[in-house]
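Structural overview for review
Each chain is listed here by its residues.
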Amino acid sequence: MPTVEAARRARSVQGQRAVAALEGRLDDLHMPRQPEWTCRGCDQDTPWPCSPARVRLTEAYGRDRIGLSMYVGSLLFVATAELPTANPRELYERFVAWTR
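Here goes a summary of the coordinates provided. (Residues numbered from 1 in each chain as written. Predicted model: local features only at pLDDT ≥ 70, side-chain atom pairs only at ≥ 80, totals over all residues. Heavy atoms only, no water.)

Take unusual backbone geometry next. Cis geometry is found at the peptide bond from glutamine 34 to proline 35, where omega equals 5 degrees. By secondary structure assignment, the location of proline 35 is in the loop between strand 1 (32-33) and strand 2 (38-39). Cis geometry is found at the peptide bond from tryptophan 48 to proline 49, where omega equals 5 degrees. Along the chain, the position of proline 49 falls in the loop between strand 2 and helix 2 (51-61). The phi dihedral of histidine 30 is positive, around 55 degrees, even though this residue is not glycine. Its place among the elements puts histidine 30 in the loop between helix 1 (4-26) and strand 1. Of note in the backbone geometry, tryptophan 37 takes a positive phi value of approximately 60 degrees without being a glycine. (Helix = DSSP H or I, 4+ residues; strand = E, 2+ residues; numbered from the N terminus.)

Dropping the structure here:
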């Protein structure tokens, strides 16, 4: 039976893979600036995912809203670790809620 720590490590690896895959999905446009999670292509303080990134991700996933939700959920996991003082509800709204 996996331990909580093993599950956390696996989730972290999955999240890092999701971040690495962003370049292919966004064609290097509107990528996140880490660890701040602001957009590189928009004004400096624009939270990522910005509107253009959301459109590009939606286009990349087409009708697969569940896949999109799972993907940005993996990114949320990484962002939560990199933004420990951020409000979890706000991060959820920012990363996942828009996919509904």
